[in-house]
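Spelled out, the chains give:
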Amino acid sequence: MYRILVIGAVNSTAKIIQKLIENGLEVVGVLGHEPKEKEKVSGWADLKSLSLSFNIEYKGFTKINNEDNLKWASDKEPDIIFAVGFSQLLHDQWFSIAKLGCIGFHPTKLPVGRGRAPLAWVTLEQSYGSATFFLMGKGADDGPIFSQSIFKVQDEDNAQTVETKILENIDLALDKWLPELKDGLWHPIPQCEHMASYYGVRKEEDGHINWNDSAIYINRLIKAATRPHPGAYTYCKDEKLIIWSCRCEKEIQFKGVIGRILLKNEKQELLIQTGEGLVWIEEYQFNGNSDISINVGDKLGYNIEDEIYKIKNLLKNNK
């Protein structure tokens, strides 16, 4: 039977460990990423507790390519390494530690959507997601594919529901593939390079809302930036306002100034005029200050020229 080592940090890593155990494969060790600020890692999972529950040897790490991690992994003599759910690149030494190779995971319909922040991108673009397992090489997510379970991101989906779909499709992909792996089958299928596309990194500041954008785009942005991500945001009354959920308004005939709050309903939801169309802000909070009230007529975001004028006046008065 294959000896398997798992490296990772997030919920998808935990799901893979569980499925390997369910299918009777031998997990000889888990290397779990333990960053200093765990709350800033989207979907971070406590792999130590999970490993202990299955009596699997565990080692935490901050930098995966440190010599002590390489030695610890090498001592386990793995046939296969599953490396899933952490942003650090593996040095070439890892590929020689595993006798058969390292298996990666990517939640897009590879070869489409290689690269960074796939959960946010497929949610933003309302495209296809997937649980895709592939043989890792030196390129970014470009290795031959073992298993792929594809799903469609729907209009009502946000980052949380897409993450749930990814985990569900990990189940489907592994339930189909792991029995074959257990029987010794090893036949990954090469990707079609002419179909390859790539996603770039997304950061917290990419959740900033420009109210001049359309309601459709703002709706997708808020859904993409919501939990487990830091949230989309704007500014109101000189405070940062984080927005977790929203919906487009298609029935009410209302016209207002872009960024202005037009209505506030009994649920405290806010109707906002965008550059094209209306959007309801459903769940929102001020960053660190919950006592500020928001009312009809308040404006979200800043008028840059007005703010420059205020700053220049302050500078003049302080001379």
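Our subject is the structure that appears above.
Residues numbered from 1 in each chain as written. Predicted model: local features only at pLDDT ≥ 70, side-chain atom pairs only at ≥ 80, totals over all residues. Heavy atoms only, no water.

A. Examining a nonpolar patch on the surface more closely. A cluster of nonpolar residues, Tyr302, Ile304 and Ile308, forms a patch on the protein surface that exposes about 290 Å² of accessible area. In this structure, tyrosine 302 sits in the loop between strand E14 (278–286) and helix H8 (304–317). (Patch = residues over 30% accessible without salt bridge, like charges linked within 9 Å, V, L, I, M, F, W, Y side chains within 5 Å. Areas by Shrake-Rupley, 256 points an atom, 1.4 Å probe, with all protein chains shown as cover. Salt bridge = Lys/Arg side-chain N within 4 Å of Asp/Glu carboxyl O. Helix = DSSP H or I, 4+ residues; strand = E, 2+ residues; numbered from the N terminus.)

B. Structural context of the pairing of strand E13 (residues 270–273). Side chains of E13 alternate between two faces, with Leu270 and Ile272 and Leu271 and Gln273 buried alike. Summarising the sheet, strand E12 (residues 261–264) and E13 pair through three bridges and their orientation is antiparallel. For isoleucine 261, the partnering residue across the bridge sits in E13 and is isoleucine 272. Strand direction decides the pairing type here: E13 and E14, joined by four bridges, are antiparallel. Bridging across to E14, leucine 270 finds its partner in isoleucine 281. (Buried < 20%, exposed > 50% of the residue type's maximum accessible area, 1.4 Å probe, protein only. Pairing = 2+ DSSP bridges.)

C. Seen up close, the nonpolar core. Grouped together as the largest cluster of nonpolar side chains are 63 residues, with contacts concentrated most on Leu20, Phe82, Phe133, Ile170, Trp177, Trp211 and Ile281. When residues in this core are grouped by element, the largest group, ten residues, is from helix H6 (residues 159–182). In contact with leucine 20, not counting residues within four places along its chain, are Ile4, Val6, Leu25, Val27, Phe82 and Leu178. Judged by nonpolar contacts, the second largest core, of 18 residues, contains Ile7, Leu31, Ala73 and Ala98. (Core = buried A, V, L, I, M, F, W, Y, C linked by side-chain atoms within 4.5 Å. Contact = heavy atoms within 4.5 Å.)

D. Spotlight on H6. With 24 residues, H6 extends 33 Å between its outermost C-alpha atoms, agreeing within 8% with the 34 Å of an ideal straight helix rising 1.5 Å per residue. Helix geometry: H6 is bent most strongly at leucine 174, by close to 30 degrees. Buried within H6 are the following residues: Ala159, Val162, Glu163, Ile166, Leu167, Asn169, Ile170, Ala173, Leu174, Trp177, Leu178 and Leu181. The opening residue of H6 is asparagine 158, an N-cap whose side-chain oxygen sits 2.9 Å from the backbone nitrogen of glutamine 160. (Expected span 1.5 Å × (residues − 1). Bend = angle between axes of the 7 residues up to and from the residue. Polar contact = N/O pair within 3.5 Å; in protein donor to acceptor, adjacent residues only side chain to side chain.)

E. Broad picture of the packing of aromatic side chains. Summed over the entire model, instances satisfying the criterion amount to ten aromatic pairs. Centre to centre, the rings of phenylalanine 61 and phenylalanine 86 are 6.0 Å apart; their planes meet at 80 degrees, and the pair counts as edge-to-face. You can see phenylalanine 61 sitting in strand E3 (residues 58–61) and its partner phenylalanine 86 sitting in the loop between strand E4 (80–84) and helix H4 (93–97), a full 25 residues away along the chain. Neither residue differs from the other here; phenylalanine 61 and phenylalanine 86 are each classed as buried. Ring-pair connections join several aromatic residues into one group, and the members of that group are Phe82, Phe105, Phe133, Phe146, Trp177 and Trp186. Over the aromatic face of tyrosine 233 sits the side chain of lysine 240, whose NZ or CZ is 4.2 Å from the ring centroid. (Phe/Tyr/Trp six-rings, centres within 6.5 Å; stacked < 30°, edge-to-face > 60°. Lys NZ or Arg CZ within 6 Å of the ring centre and 35° of its normal.)

F. Layout of the sheet that holds strand E11 (residues 239–249). Read across the sheet, five strands follow the order E10-E11-E14-E13-E12 without closing on themselves; strand pairing throughout is antiparallel. The open sheet has two free edges, formed respectively by strand E10 (232–236) and E12, since each of these has just one partner strand. The sheet shows a mean angle of 45 degrees between the axes of neighbouring strands, direction not considered. Alignment of E11 against E14, held across eight bridges, turns out to be antiparallel. Paired with cysteine 248 across the bridge in E14 is valine 279. Seen against the sheet, helix H7 (residues 215–225) touches E10, E11 and E14 and runs at an angle of roughly 120 degrees to E11. (Axes fitted to C-alpha atoms, helices over the stretch in contact; angles between N-to-C directions.)

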